[in-house]
Amino acid sequence: MSSFPLLSILIALPVVGAIVVLLAPRKANVARGIALGFGTLGLILAGLLWHSYDAAAGTLQFVERAAWIPSLAIEYHLAVDGFSLLLLVLSALVTLISIVASTQVKSRPSLYFALVLLLEAGLFGTFTALNFFHWFLFWELSLIPAFFLIRLWGGPKREAAATQFFVYTMVGSVTLLLSFLALYLATGTFDFSALAQMAQQGMLLPAIAAHFSGNSSSWLLLIFWGSFLGFAVKIPIIPFHTWLPEAYTEAPTAITILLTGALSKMGVYGLLRIVLPIFSEQIRWMQPLLLWLAVLTIVSAAAAAFAQRDLKRILAYSSINHLGYCVLAIFAVAGSTKPIESSAALSGAALQLFNHGVTASLLFWLVALLEQRSGGKRSINDFGGLRATVPAFAAIFGIAAFSSLGLPGLNGFIGEFLIFKGSFALATWPSSIAVLGLFITAVLYLTVVQKVFTGPTQERWNGMADLSGRERIWIAPLVLLMFVLGIFPQLVLGLVNGSVSLLVGQIR
């Protein structure tokens, strides 16, 4: 293990925070203040890791490794590369946004904020653990707090939404567990890096053949599909998505921020950092089907969002659409002989993950503020002309909406541009059809802005309060970040370029 375990400290920090929250006086302002403090510390420590990381090398760094259960090849193994470090920072930022947005929690506040911090610990562990057994503990840890946060503090249909979320995610977890148990039986290791190296050297198929009777290629393909399903449910990829609209709609909006801004990234991370290096050959075998699943996810989710009237459901389906672009990039690069295009697609996917986390979190936060001011209303048909009443709110919502639809100059543009720059050369027809998702999304957000903020103002909203000074102070850094990344995306791309190059070389 490394001399100074920064990653272990980062993971332990929110756990300690959760314990402190539970032991502190059970008052909402006290619990939220403690959670804010630990959330801020987590973001600072993640930022220090970013600052200390050697991005040019792109290798796994801050390595902590120790034997745990040697007889079962289970190790305590933590490390980060550019991809995982980017998502660590995003998780810390989104968790802090969620805590700040949790101003309406009056029932059992200590338990609520403790669960939020435990969820953050699960995210940190998922993005740092490199031994499957160790990683799987964190993967499941993120599921349990999310279930209770939806179930205990959600909307009128929270029980059904929480149960559906739990069942879908648990099924995916079971297939993941079975798949990696099969790999362990064949290879004797749970280590992601070792498995990827075996795949790169062509050693997985012989290992499968030596342990399982029958066609080794069929066995390995079955193991791939089990792994794929576990991550596809989490993203989610259509048709494994039906849990998401209900969960996002019924969850408290501050928790929806966590679901869309951080938890959904776990699935894409799994495809990018685990499935792609280990199963790149199997992805090549099934590439046409996988690419069309990505296209279906992009176009169908955008169309479904356009058909909604509830703002939370619109943003829920829009989140599926935006993550579909990342899935398209990942499947397009498998087996590619074009390193420049592959690097562009994967760099775009990494940037898209970060940008979507920031933009979607702000949009859901604004919907929460709108709900508070309107007495729980959130249908686009309930409003109209709000720009005259709440000009600052309308301006910020417009910026976030234009970022989400990919307006040049804002953070949402460059990630999608890089994805399509790479994917067009690698998978021309699927990428060409996926462009329809961009057009539908543009029309969608323009329609939302038009219906909610333009036209005559309904009389009942004449007294609606605009953003307060405190709310503007909290929101301002996110808006600034959108402009900074829109103008200077190298801030993120510089972090992941080295890791992208190594991954492209590994899967070629």
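Reading the values: the criteria
- Residues numbered from 1 in each chain as written.
- Predicted model: local features only at pLDDT ≥ 70, side-chain atom pairs only at ≥ 80, totals over all residues.
- Heavy atoms only, no water.
- Buried < 20%, exposed > 50% of the residue type's maximum accessible area, 1.4 Å probe, protein only.
- Helix = DSSP H or I, 4+ residues; strand = E, 2+ residues; numbered from the N terminus.
- Pairing = 2+ DSSP bridges.
- Polar contact = N/O pair within 3.5 Å; in protein donor to acceptor, adjacent residues only side chain to side chain.
- Expected span 1.5 Å × (residues − 1).
- Phe/Tyr/Trp six-rings, centres within 6.5 Å; stacked < 30°, edge-to-face > 60°.
- Patch = residues over 30% accessible without salt bridge, like charges linked within 9 Å, V, L, I, M, F, W, Y side chains within 5 Å.
- Areas by Shrake-Rupley, 256 points an atom, 1.4 Å probe, with all protein chains shown as cover.
- Salt bridge = Lys/Arg side-chain N within 4 Å of Asp/Glu carboxyl O.

A. How the structure looks around the pairing of strand β2 (residues 74-80). Within β2, 5 of the 7 residues are buried, which leaves it mostly tucked inside the rest of the structure. Note that strand β1 (residues 61-69) and β2 share 6 bridges and pair antiparallel. Within the sheet, the bridge partner assigned to I69 lies in β2 and is I74.

B. View of unusual backbone geometry. Following I235, the chain continues to P236 via a peptide bond in cis, the omega torsion being -5°. Tracing the sequence through the fold places P236 in the loop between α9 (216-234) and α10 (243-250). Backbone geometry at F62 places phi at a positive 55°, although glycine is not the residue there. Mapped onto the elements, F62 comes out in strand β1. A positive phi is found at R108, a non-glycine position, where the angle reads about 45°.

C. Structural detail: the environment of N215. As for its placement among the helices and strands, N215 is situated in the loop between α8 (204-211) and α9. Classification of N215 by relative accessible area gives partly exposed; the value is 47%. Residues N215 and L205, 10 residues apart in the sequence, show an inter-C-alpha distance of 9.7 Å. At a separation of 3.1 Å, a polar atom in the side chain of N215 contacts the main-chain amide nitrogen of S218.

D. Up close: helix α15 (residues 339-374). Over its 36 residues, α15 runs 51 Å from end to end, which matches the ideal 52 Å to within 8%, given 1.5 Å per residue. Phi turns positive, to about 75°, at G375, one or two residues after α15.

E. How the structure looks around the packing of aromatic side chains. According to the stated counting rule, one finds 32 aromatic pairs in the structure shown. Ring centres of F132 and W135 lie 5.8 Å apart, and the angle between their planes is 35°; on these two criteria the pair is classed as tilted. Of this pair, F132 and W135 both sit in helix α5 (residues 132-153), 3 residues apart, which is roughly one turn of the helix. For the pair Y325 and F420, a centre-to-centre distance of 5.7 Å together with 65° between the ring planes defines the contact as edge-to-face. One end of the pair, Y325, is in helix α14 (residues 311-333); the other, F420, is in helix α18 (residues 411-426), and 95 residues separate them in sequence. The same class applies to Y325 and to F420, which are both buried.

F. Expanded view of a nonpolar patch on the surface. Taken together, the side chains of L480, F483, V484, I487, F488 and L491 present a nonpolar region at the surface, about 570 Å² in accessible area. Considering each element in turn, the nonpolar patch owes the most residues, 4 residues, to helix α20 (residues 469-487). Considering the arrangement of structural elements, one finds V484 in helix α20.

By themselves these figures say nothing about function.
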